[in-house]
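Fold and contact review
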Amino acid sequence: MALLSQIHGPDDVKKLSLEQCGALATEIRQTIIDTVSRQGGHLASNLGNVELTIALHRVFNSPTDKILFDVGHQIYAHKLLTGRQDRFDTLRSYQGMSGFPCHAESEHDLFDTGHSSTAISMALGLARARDLKGEKHHVVAVVGDGALTGGMCYEAMNDAGNGKSRLIVILNDNEMSISRNVGALSTYFKHLRASASWYGGKKRIKHRLQSIPLLGKPVAGMIENAKNMIKSLVTEGEMFEALGFRYLGPFDGHNIDEMTRVLEQAKRVSDTPLLIHVITKKGYGYDLAERQPEKFHGVAPFRVENGLKRNQSPKASAAQIAGKALCAMAAEDPRVVAITAAMAGGTGLSQFAEYYPERFFDVGIAEQHAVSMAAGLARAGVRPYFAVYSTFLQRAYDQIVHDVCLQNLPVCIMSDHVALVGDDGKTHHGVLSVPMLMSIPNMTLLAPRDTQTLTDGLRATLGLEGPCVIQYPKDGIEPYAKPIDGCPLQIGRWQKLRETDARDNCVILAYGRMTKHAMEAARILHDQAGLHIGVIDCWSLRPMDMDCLKALFEAKTRLITIEEGELIGGFGSEIARLCVEHHAQEPAAIFGLPNRFIAHGTVDQLLEECGLTSEQIAERIRKVLCVTEKEHG
Ligand SMILES: Cc1ncc(C[n+]2csc(CCOP(=O)(O)OP(=O)(O)O)c2C)c(N)n1
């Protein structure tokens, strides 16, 4: 990597000739492919973004000028150009480099992000602060066409355009969200791409740019010239113009020369926000990713030569199990429809989309809209199932409260990627699910322990007449325990999986993935200390099984709660509150995740960091009960 190794920061990029920049792009692309093939990560978006990022750093002076990448999953080239090459091979690994923008990692990353459609708002805030402070730097937001399906972008543009803030938005249009982009806007972008200005404009801009005054001409003249040039290029983009933005483009985002010239000119526009439409190809430069950009959007470690995963995991994910179960439900009940917010593949709905295209709705990256639209469907007698990652559901909190729960409508949210998600890190963990949802009136909240209870639990939601969230982690956990009393799964009933005895009289209350850890911890405590600790799967978090809980209160059973979620406002807190309300014994311990944003790593590493592996749980219980092996032996 002859050139890349010489780049210690954006200043070094500026020293390179155009030809060298082309060679640098090739080296960056190679580094990204090599690293992601070992570490996993977001491949196709990053490969599509290399030349654009080089051009940005040629033209702008980060960190004085502010460059923001929306979502941030396409930030690898930016990391490599901003002095982080030496750690790039630790990408997404425990205590290594984040796969997303990370402010603590570099002054060139303004925010820690991972959720879509926020960059224009943040950029506008930075631009306004600049103006208030009398500063002069530039603010640039790079936003994908997928991210531009998120409503916040329009709230921000409406605001920015009205105030005429000096701001540059680069629309990186590759026709793809994770899968093919959807909605009327994607058709509009297609129209812009196909417009005469794309083909004719390319020639025209070359001609125009050649006639721009050379350095040394009066600045005023340059600005005037730039403004005129830009004005005359505007033939399309009325929608952005209506929002108060000047539209430029489309341009070839893989042409560093063209991008450099356009960005240089954009710097000189001071009277209005600009939207620069750039066309790129997702997966650019790696044939397999170009041909299958969806498959290579986010990947586990893979072999470069054939694109196959390094570790083939035969196990189905929880999302795939849930998607299959929903298909079966749809086959029996024509009221069942499915909704995704641009994540059909990730949330296990691909099969549903194929089998029931007329009952499947991809709304774009628009979780808020998805929830309120589901309310409409439910009010009209349809049974909507919205499958979404827990972390992205956070965005739709008010819609859940106001449009679904307040109306008591039978909308079911299939909340996937709950609990710790691993290498995507702090922006993606679904650890606020229970505190966020459990307190909302009318809500039913379910957290099955394995794939069988997930399937059964999902089916049971059809019998509900009000709102419901069924939550599950990323991995599909195969069934490992049966209820002692043999009772089938019922909403509002917990399942006792392991007995305590009269001497120990201690029970672990757990839900979701932690139920398995609780069972394992109980086994360890039995094998190593002769303890008989009971385990109850409290999968129905709301309504709780009050009969079961009251029986435990009466028997003065020592209660230990375990959850892979935020402790404050979580399940354990609620159990403690109920103990007080019922004048019962207080819980002996409440275990869960600490109140801080947890970084990336494997789930096992993160659980260990939080003291929640089975062995650690066993040890902590032993301490709580003040039992040594000897005492009990
Ligand atoms: C609020 C939210 N919902 C869903 C996602 C998941 N997600 C990550 S990237 C992505 C597609 C983004 O498409 P685009 O902005 O066009 O970028 P590209 O990957 O095509 O470069 C989606 C849906 C997210 N990050 N944030």
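Residues numbered from 1 in each chain as written. Predicted model: local features only at pLDDT ≥ 70, side-chain atom pairs only at ≥ 80, totals over all residues.

1. Observations concerning the overall build of the protein
Applied cut-off: The numbering of helices and of strands both runs from the N terminus, where a helix is a DSSP run of H or I of at least 4 residues and a strand a run of E of at least 2. Put simply, the radius of gyration uses C-alpha atoms, and a globule should come to 2.2 Å times the residue count raised to 0.38. Think of it as a crowd count around each C-beta: if 20 or more other C-beta atoms lie within 10 Å the residue is buried, if 12 or fewer it is exposed, and in between it is partly exposed, with C-beta placed from the backbone throughout. A pair of residues counts as a contact when their C-beta atoms, built from backbone coordinates, are separated by no more than 7 Å.
Of the regular secondary structure elements, the protein holds 26 helices and 19 strands. On C-alpha atoms alone, the protein measures out to a radius of gyration of 27 Å, which is about the 26 Å that the 2.2 N^0.38 rule sets for 633 residues. Counting all 633 residues of the protein, 52% fall into the buried class. Residue pairs at least 24 apart in sequence account for 77% of intrachain contacts in the protein once pairs closer than 6 positions are excluded.

2. Structural notes on the sheet that holds strand β15 (residues 506–510)
The strands making up a sheet are joined through hydrogen bonds of the backbone, oriented either antiparallel or parallel. Test applied: Pairs of strands are assigned from DSSP output, requiring at least two bridges between the strands. Lines fitted to C-alpha atoms define the axes, with helix axes restricted to the stretch in contact, and inter-axis angles between N-to-C directions lie between 0 and 180 degrees.
Pairing in this open sheet of five strands is mixed, and the strands run β14-β16-β15-β18-β19 from one edge to the other. Two strands in the sheet have a free side with no partner beyond their single neighbour: β14 (495–498) and β19 (589–593). Taking the axes of each pair of neighbouring strands and ignoring which way they run, one obtains an average angle of 25° across the sheet. Where β14 and strand β16 (residues 533–537) come together, three bridges link them in antiparallel fashion. Along β16, the bridge assignment pairs Gln495 with Asp537. The strands touched by helix α23 (residues 571–581) within the sheet are β15, β18 (558–566) and β19, with β18 carrying the most contacts at an inclination of about 145°. Across the sheet, helix α25 (residues 614–624) lies against β16, β18 and β19, angled at about 155° from β19, the strand it touches most.

3. Here we look at the environment of Gly376
Inspection of the secondary structure assignment puts Gly376 in helix α16 (residues 367–379). Along the backbone, Gly376 and Leu409 are 33 residues apart, and their C-alpha atoms lie at a distance of 9.1 Å.

4. A closer look at the site of the ligand
Rules: Defining nearness, a residue is near a molecule or strand when the C-beta atom obtained from its backbone falls within 6 Å of it. Under the convention adopted here, Pro, Cys and the residues Ala, Val, Leu, Ile, Met, Phe, Trp and Tyr are nonpolar, Asp, Glu, Lys and Arg are charged, and Gly plus all remaining residues are polar.
Close to the ligand lie 24 residues, the nearest being Ser45, Ser116, Gly144, Gly146 and Ala147. Tallied by class, residues from the shell around the ligand come to nine nonpolar, eleven polar and four charged.

5. Here we look at the confidence of the model for the protein
We count it as follows: Every residue is assigned a pLDDT by the predictor, reflecting its confidence on a scale from 0 to 100.
Here the protein shows a mean pLDDT of 93. Residues at 70 or above account for 93%. Between residues 226–234, whose pLDDT stays under 50, and residues either more than four places distant or in other chains, the model counts 18 contacts.

6. Structural notes on the sheet that holds strand β11 (residues 412–416)
Read from one edge to the other, the open sheet built from seven strands follows the order β9-β8-β10-β11-β13-β12-β17, with strand pairing classed as mixed. In this open sheet, the two strands that pair with only one neighbour each are β9 (360–362) and β17 (540–542). In this sheet, neighbouring strand axes are inclined to one another by 20° on average, regardless of whether the strands run parallel or antiparallel.

7. Notes on unusual backbone geometry
Note that the residue after Ser62, namely Pro63, is joined by a cis bond; omega there is 10°. Along the chain, the position of Pro63 falls in the loop between α4 (50–59) and β2 (66–69). In this model, Arg542 is joined to Pro543 through a cis peptide bond whose omega is 0°. Summarising the element assignment, Pro543 is placed in the loop between β17 and α22 (546–554). Positive phi values are uncommon outside glycine, yet Glu175 reaches one of about 65°.

8. A short note on helix α6 (residues 119–132)
Quick reminder: α-helices carry 3.6 residues per turn. Residues three or four places apart thus point the same way. This is how the line gets drawn: The span one expects for a helix is its residue count, reduced by one, times 1.5 Å. Comment: arc refers to directions from the helix axis out to C-beta atoms.
Over its 14 residues, α6 runs 20 Å from end to end, which matches the ideal 20 Å to within 8%, given 1.5 Å per residue. Looking only at α6, the buried set comprises Ala119, Ile120, Ala123, Leu124, Leu126 and Ala127. Taken around the axis of α6, the buried residues stretch over an arc of 165°, which confines them to a single face. In this structure, α6 carries Ala129 and Leu132 as exposed residues pointing more than 90 degrees from its buried face. The inward-facing, buried residues of α6 abut β2, β3 (139–144), α7 (152–163) and β4 (168–173). Just downstream of α6 lies Gly134, where phi reads positive at about 70°.

9. Comments concerning the nonpolar core
Across soluble globular proteins, you tend to see nonpolar side chains buried next to one another. As a reminder, the rule being used: Note on definitions: a nonpolar core is a set of buried residues drawn from Ala, Val, Leu, Ile, Met, Phe, Trp, Tyr and Cys, linked by C-beta atoms within 7 Å.
Counting 173 residues, the largest nonpolar core has Ile120, Val143, Val169, Ile276 and Phe386 as the members making the most contacts within it. Each residue touching Val143, except ones within four places of it in the same chain, is listed here: Asp70, Ala119, Ile120, Leu148, Cys153, Val169, Ile170, Leu171 and Asn172.

10. Brief notes about the domain arrangement of the protein
Basically, it comes down to this: Bear in mind that the domain bounds are from an automatic or database domain assignment.
According to the domain assignment, the protein contains domain 1 (4–299), domain 2 (318–471) and domain 3 (495–632). Relative to domain 3, the C-alpha centre of domain 2 lies at a distance of 27 Å. Between domain 2 and domain 3, the residue contacts involve 25 residues of the former and 30 residues of the latter. Breaking the side of domain 2 that touches domain 3 down by element, the ones donating at least two residues are α19 (433–437), β12 (444–446) and α20 (451–460). Residues belonging to the side of domain 2 that touches domain 3 are distributed by class as follows: 13 nonpolar, eight polar and four charged.

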